[in-house]
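# Examination of the molecular architecture
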Amino acid sequence: MKKVLISIAAVAALSTAGFATVNSQTGCGLGSQIIHDDSSAVMLALQATTNGTLGNQTFGVTSGTSGCKKSKLVLNERAAEFVASNMDQLSREIAIGHGESVSTLAELLNVQDKAAFASALQANYNAIYSSDKADMATVLDNVSTIAG
């Protein structure tokens with residue numbers, strides 16, 4: 001039964017890949033490719049859960065598949081996965097200049113001076129989130145440019 005479900009999911013993903021769009025709330029990955037209904041919290045949770053299952057979102061981010069845009073510089077898979085999974089929270093915390101997500105990102109990027117990192121991100125918020133539809137790859141590229 002497991003093989004049948006995996007086969008159905010793979011066929012669905014491949015058949016919809018050409019016209020699928022990424023949901024800005026759940027990011028890219030298999031869940032966003034096969035579940036297009038984002039009208040309820042349940043469907044969004046199902047998308048996010050499917051995106052995170054078996055590391056398919058991480059693979060998509062690092063390889064540029066599954067509806068994910070490959071970032072110019074993937075600093076490490078953990079940082080890419082963290083940014084993809086925490087886009088909204090990270091945006092809020094960068095705007096205020098501190099928070100657990102900003103601290104975690106600094107740790108994942110091996111930043112020594114976390115306070116200066118948080119201040120630099122806050123000062124460059126508009127450069128990091130250059131549009132309302134900024135995706136993980138763009139945000140991570142912009143953060144890496146600022147973090148130097």
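This text goes with the structure placed above it.
Scope of this entry: the structure provided in the associated data block. Everything quoted here is computed from the prediction, not taken from an experiment.

## Observations concerning the packing of helix 8 (residues 114-123) against helix 10 (residues 136-147)
Direction vectors running N to C along helix 8 and helix 10 enclose 120°, while the axes themselves pass 10 Å from each other. As far as their axial angle goes, helix 10 and helix 8 are oblique. In this structure, helix 8 meets helix 10 at a crossing whose hand is right-handed. Note on element contacts: helix 10 touches helix 8 through V143, I146 and A147, opposite F117, A120 and L121. Taken together, the residues of the contact of helix 8 with helix 10 break down into six nonpolar, no polar and no charged.

## Quick notes on the environment of V111
In this structure, V111 sits in the loop between helix 7 (100-108) and helix 8. V111 sits 36 residues away from A147 along the chain, and the two C-alpha atoms are 8.1 Å apart. With residues near it in sequence (within four places) discarded, V111 still touches A106 and F117.

## Focus: helix 10
For helix 10, spanning 12 residues, the distance from its first C-alpha to its last is 16 Å, which sits close to the expected 16 Å at 1.5 Å a residue. Counted residue by residue, helix 10 has nine buried out of 12 residues, so it is predominantly covered. Turning to helix 10, its buried residues are M136, A137, T138, V139, L140, D141, N142, V143 and S144.

## Focus on the side chain of S101
Relative to the helices and strands, S101 resides in helix 7. According to the relative accessible area criterion, S101 is buried, its value standing at 7%. With sequence-adjacent residues up to four places away left out, S101 is seen in contact with F82, Q89, L90 and E93.

Rules used in this analysis
Residues numbered from 1 in each chain as written. Predicted model: local features only at pLDDT ≥ 70, side-chain atom pairs only at ≥ 80, totals over all residues. Heavy atoms only, no water. Axes fitted to C-alpha atoms, helices over the stretch in contact; angles between N-to-C directions. Helix = DSSP H or I, 4+ residues; strand = E, 2+ residues; numbered from the N terminus. Parallel < 35°, antiparallel > 145°, perpendicular 65-115°, else oblique. Left-handed = near helix turned anticlockwise from the far one by under 90°. Contact = heavy atoms within 4.5 Å. Nonpolar A, V, L, I, M, F, W, Y, C, P; charged D, E, K, R; others polar. Expected span 1.5 Å × (residues − 1). Buried < 20%, exposed > 50% of the residue type's maximum accessible area, 1.4 Å probe, protein only.

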